[in-house]
Amino acid sequence: MARNSGPETTARRLPGDLAIWFFILAELLAFGVFFVVYAFTRANHVELFNAEQLTLDRTSGAINTVLLLTSSFFVVRAVQVAEAGFSRRAAPWLAAAFACGAGFVVVKIFEYAEKIGAGISLSSSTFYMFYLSLTFFHFMHVILGLVIIAAMWNGARTGRYGPGNMNGIETGAAYWHMVDLVWLILFPLIYVMR
Amino acid sequence: MQSSLSSPRHASSHGTPNRAAIIWAALIFATMLTWMVGERGDAGPAVTALLMTIAFAKGTLIILDYMALRRAPLMWPLIALGWMLLVCSMIGLAYWKGLAA
Amino acid sequence: MKYTSQSVALPYFIAAIGLFVGQIVFGLAMGLQYVVGDFLFPEIPFNVARMVHTNLLIVWLLFGFMGAAYYLIPEETETELYSPKLALLMFWIFLIAGAATILGYLFVDYNTLAEMTGNNILATMGREFLEQPLLTKIGIVIVALAFLFNISMTMLKGRKTVISIVMLLGLWGLAIFFLFSFYNPGNLVKDKFYWWWVVHLWVEGVWELIMAAMLAFVLIKVTGVDREVIEKWLYVIITLALVTGLIGTGHHYFWIGTPGYWQWWGSIFSALEPIPFFAMTVFAFNMVNRRRREHPNKAAVLWALGTGVMAFLGAGVWGFLHTLAPVNFYTHGSQITAAHGHMAFYGAYVLVVLTIISYAMPLLRGRAANSQRAQVVEMWSFWLMTISMVFITLFLTAAGILQVWLQRVSDTPMPFMQVQDQISLFYWMRLWAGVVFAVGLVTYVASFFVKGESKPLITP
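Calculation criteria
- Residues numbered from 1 in each chain as written.
- Chains lettered and ligands numbered in written order.
- Predicted model: local features only at pLDDT ≥ 70, side-chain atom pairs only at ≥ 80, totals over all residues.
- Heavy atoms only, no water.
- UniProt positions renumbered as here; feature names shortened; annotations may be inferred.
- Helix = DSSP H or I, 4+ residues; strand = E, 2+ residues; numbered from the N terminus.
- Buried < 20%, exposed > 50% of the residue type's maximum accessible area, 1.4 Å probe, protein only.
- Contact = heavy atoms within 4.5 Å.
- Areas by Shrake-Rupley, 256 points an atom, 1.4 Å probe, with all protein chains shown as cover.
- Lys, Arg positive; Asp, Glu negative; His and termini not counted.
- Charge placed at Lys NZ, Arg CZ, Asp CG, Glu CD.
- Phe/Tyr/Trp six-rings, centres within 6.5 Å; stacked < 30°, edge-to-face > 60°.
- Patch = residues over 30% accessible without salt bridge, like charges linked within 9 Å, V, L, I, M, F, W, Y side chains within 5 Å.
- Salt bridge = Lys/Arg side-chain N within 4 Å of Asp/Glu carboxyl O.
- Buried area = accessible area lost by both parts, 1.4 Å probe.
- Polar contact = N/O pair within 3.5 Å; in protein donor to acceptor, adjacent residues only side chain to side chain.
- Nonpolar A, V, L, I, M, F, W, Y, C, P; charged D, E, K, R; others polar.
- 1 Å grid on protein atoms, 1.4 Å probe; cavity = no way out; pocket = protein on both sides within 12 Å on 5 of 7 lines; lining within 4 Å.
- Points joined across faces, edges and corners; volume = space filled by probe spheres on them.
- Domains from an automatic or database assignment.
- Expected span 1.5 Å × (residues − 1).
- Bend = angle between axes of the 7 residues up to and from the residue.

Under an unreviewed UniProt entry, chain C has the name Nitric-oxide reductase large subunit and belongs to Aromatoleum anaerobium. Under the Subcellular location (unreviewed entry) heading, UniProt states for chain C: "Membrane". What the UniProt record of chain C gives under Sequence similarities (unreviewed entry) is the line "Belongs to the heme-copper respiratory oxidase family."

As structure tokens, then:
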């Protein structure tokens, strides 16, 4: 925990609110369990998983990875700008981050539409059950993250953040990076690795 | 529990713009690598190890720099990195089990 | 007590305790019927006793929740209740309707009761926990709506705190999900599917919000820890409870004819359901350790800590024991379920209601805390009831493991009734643990009548 001990303090400090970090840990645990269950289930149905994995659109998965990473970069920039004392200048960075996140949602909707059009559902096979469940669970997190970024954008625009008040923007940023982090495992695991 | 303790004088946890940009470039490069492996259709224990290592490396950058846990109390980066390591190695283990089967 | 209208909570709490006593009486009768099958037959057969036991539990917990809401909402919103008269009127309506229903179960044949109360107009009866006649169900909805109207109007004119918002959210959820008790599709799969929307989404969904809000309220009062800190915990706990609890409904959809993916969804998400309960335990102990004042009501602190621990054990650990589909394949509907049900209801909901009663009752009776002697008696009752409940749970778990083994796992499975004979020893031991529980309950009631010098109420 930070102690404001002096001007040149280098005390270690957890960015954002402690509560969000407990929440992030619980989320990581949930995703972690889901990933590991997927992997061990696959071990019993390797051929099925390998065959059906080929029907997934790897390129749209990769594009989505790029979108999330870029979005995370923009959020980092917004936090840096706010920390330097220019809350209002953080707003365009957050808008850009939102746009990338929204891009993710659009790509994902096209991907789902294609799969549903091909008659694929949760009951089609164990692989598709996992593919749809895991990506949809993540998808819901992206939607929530977008709501949080919109709120941060609004806060930045009204000049709320600054070196003396980083709690809100750091809290939201931590959540958004978590959404990114779990996708970094999800993408190779479900789309690529065979 | 911590309230907003950030004072104007605390050392920045969030690095410089240049550093953030370089990390972004590295993350994109790693993503391209993963995508290429997928397009080539490579498989096998070495590829699994490579892909999980790439994922772990990317995750480390996100955790330490973007999430800014590098300067957080040691417990936090350790938990996050430990989670990443555990999940990646469990996945690796499961793939290895799939080979044997 | 800061607002005079808070006093409407008093009759609710008294009724809750009274019905609690009734619940335990029928629990004991059933405990005996497990081993002496024709006890009280044909006057009160097992199925009727069970209906009364479970329905009384639900009704007295609802009395407790409503009393808690009437107590804490004025204090949180810093304004008098919108209509204390309406609250008292609803109390009598609910009490009379509840009593009439229980008497109906006891003295009228269930089929006749169904005919008398319009079940042929809209069939809603005959389903576990939702056995109430149509008229009672409608009565519950009316009481709930009037109650929510009263509480919501109070909140609209007063201060809006996180605790009161979470409480209100939970209570609205409770009312809304109850509406599914009127939906009784002919298709048995659909019937069960939506039945869980009442049963599961109550106890593993919206009730958890009510519980967290009540616990947070008492902890603020007895520890003096900053509201800001407690509110953050509350946010984390309710989010975790909702994420795991809502999708965790899937652990009831393993074997009822629903699609196979529920086995995955139910297993994974309900395996995480202990997390919010664990967070609640950490929360309670953390707040008490960081207390800024020594509240004279030590008993209330004990109940609050007990809630954290027992809810985690009963709902969290004992739930996890049989929540994974491959395990549940064997344990489904065995005595393990009964073990979990007993400790979860006691640990989470009975204890949280007794916590708020323990905190609020002395204040409602015009003192900060009961006398030392009364508190000692009350704490004795806590330990008697809690320890005997642990033993009830352990005996039922042992019975369940043996039952699953003999009846389902074994290469030469035995028929149900033969297995019941084999495990009757555990049923006897459960019965004796139940007797100790009843002694604890009597001690609890007695603690209200212990005289002594009580701590005076100092209004700051």
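Text resumes after the structure shown.
(A) Region of interest: the overall build of chain A. Along chain A, the regular secondary structure elements total 6 helices and 0 strands. Listing each helix as α and each strand as β along chain A from the N terminus yields α-α-α-α-α-α. Summarising its shape, the C-alpha atoms of chain A cover approximately 60 × 30 × 20 Å along the three principal directions. Split into buried and exposed, the 194 residues of chain A put 62% on the buried side. Here the contacts in chain A between residues at least 6 apart in sequence split such that 80% fall between residues at least 24 apart. Accessible surface, chain A as shown: approximately 6700 Å² in total, 66% of it carbon and sulfur. Charge-centre separation for chain A: the mean point of 13 positive side chains lies 7 Å from the mean point of 11 negative side chains.

(B) Up close: the environment of T34 of chain B. Considering the arrangement of structural elements, one finds T34 of chain B in helix α1 (residues 17-40). The exposure class assigned to T34 of chain B is buried, which follows from its relative accessible area of 2%. In contact with T34 of chain B, other than residues within four places in its own chain, are F187, P188 and V192 of chain A together with L51 and I54 of chain B.

(C) Geometry of unusual backbone geometry. Residues and elements named next belong to chain C. For the bond from F41 to P42, the omega torsion is 5°, close enough to zero to count as cis. Tracing the sequence through the fold places P42 in the loop between α1 (9-35) and α2 (46-77). A positive phi angle, close to 65°, is found at L40, a residue other than glycine. With respect to the element layout, L40 can be found in the loop between α1 and α2.

(D) Quick look at the packing of aromatic side chains. Enumeration over the complete set of coordinates arrives at 74 aromatic pairs over all chains. Centre to centre, the rings of W207 of chain C and Y349 of chain C are 5.1 Å apart; their planes meet at 90°, and the pair counts as edge-to-face. Here W207 of chain C, found in helix α7 (residues 188-223), pairs with Y349 of chain C, found in helix α13 (residues 335-364); they are 142 residues apart in sequence, far enough to count as distant. Following the ring pairs from residue to residue traces out a cluster consisting of F31, F34, F35, Y38, F49, F127, Y128, F130 and F137 of chain A together with W264, W265 and F269 of chain C.

(E) Layout of a nonpolar patch on the surface. All names here are of chain C. A surface patch of nonpolar side chains, amounting to about 580 Å² of accessible area, comprises V36, F39, L40, W428, W432, V435 and V439. Within the secondary structure, V435 is located in helix α16 (residues 424-447). With relative accessibility at 31%, the residue V435 sits in the partly exposed group.

(F) A look at the interface of chain A and chain B. Listed as interface residues are 61 residues of chain A and, on the opposing side, 63 residues of chain B. Regarding the contact of chain A and chain B, the summed buried area is about 5700 Å², with carbon and sulfur atoms giving 70% of it. Summed over the three residues of chain A that lose the most area to chain B, namely R12, R13 and M193 of chain A, the buried surface amounts to 12% of that side. At the boundary of chain A with chain B, the tally comes to 1 salt bridge. For R58 of chain A, the salt bridge identified is with E39 of chain B, shortest N-O distance 3.0 Å. Taken together, the connections running from chain A to chain B amount to 16 residue pairs in polar contact (both at pLDDT 80 or more). Elements supplying a minimum of two residues to the side of chain A that touches chain B: α1 (18-44), α3 (58-83) and α6 (167-192) of chain A. At 15 residues, α1 of chain A tops the list of elements feeding residues into the side of chain A that touches chain B. Across the side of chain A that touches chain B, the residue classes tally to 37 nonpolar, 14 polar and 10 charged.

(G) Spotlight on the environment of L144 of chain A. Along the polypeptide, L144 of chain A turns up in helix α5 (residues 126-157). Along the chain, L144 of chain A and W176 of chain A lie 32 residues apart, while their C-alpha atoms are 9.1 Å from each other.

(H) Just empty space enclosed by the protein, in detail. All names here are of chain C. On inspection of all chains with the given rule, the structure shows 4 cavities of 30 Å³ or more. If you add up the space inside the largest cavity, you get close to 140 Å³. Every residue lining the largest cavity is counted, 13 residues in all, and those nearest its centre are L62, M66, A144, F147 and L174. Mapped onto the lining of the largest cavity, the elements with two or more residues apiece are α2, α5 (134-157) and α6 (162-178).

(I) Region of interest: the domain arrangement of chain C. Residue and element names in this part refer to chain C. When the domains of chain C are assigned, the result is domain 1 (1-159) and domain 2 (216-460). Spacing between the C-alpha centres of domain 1 and domain 2 amounts to 20 Å. When domain 1 packs against domain 2, the two sides together hide about 2700 Å² of surface, and 82% of this comes from carbon and sulfur. If you look at where domain 1 meets domain 2, you find 2 salt bridges. K221 is paired through a salt bridge with E75; the nearest N and O atoms lie 2.8 Å apart. The greatest single-element share of the side of domain 1 that touches domain 2, amounting to 13 residues, is contributed by α1. For the side of domain 1 that touches domain 2, the per-class residue count stands at 21 nonpolar, 5 polar and 4 charged.

(J) Inspection of the layout of surface pockets at higher detail. Roughly 730 Å³ of internal volume is contained in the second largest pocket. If you trace the second largest pocket, you find 24 residues lining it, with I20, I148, T171 and G172 of chain A together with Y235 of chain C closest to the centre. Mapped onto the lining of the second largest pocket, the elements with two or more residues apiece are α1, α5 and α6 of chain A together with α8 (227-248) of chain C. In terms of residue count, the dominant contributor to the lining of the second largest pocket is α8 of chain C (8 residues).

(K) Spotlight on α13 of chain C. Residues and elements named next belong to chain C. Under the 1.5 Å per step criterion, the end-to-end length of α13 is 40 Å for 30 residues, consistent within 8% with the ideal 44 Å. Maximum bend of α13: about 35°, positioned at Y346. Most of α13 sits inside the fold, with 25 of its 30 residues counted as buried. Positive phi shows up at G366, right after α13, with a value of about 85°.

(L) The side chain of H200 of chain C, seen in detail. Residue and element names in this part refer to chain C. On the secondary structure map, H200 appears in helix α7. The class of H200 is buried, set by a relative accessible area of 0%. Side chain to side chain, H200 and H251 meet in a polar contact 3.5 Å long. Setting aside residues up to four positions removed in sequence, H200 forms contacts with G205, G245, G248, T249, H251, H252 and E273.

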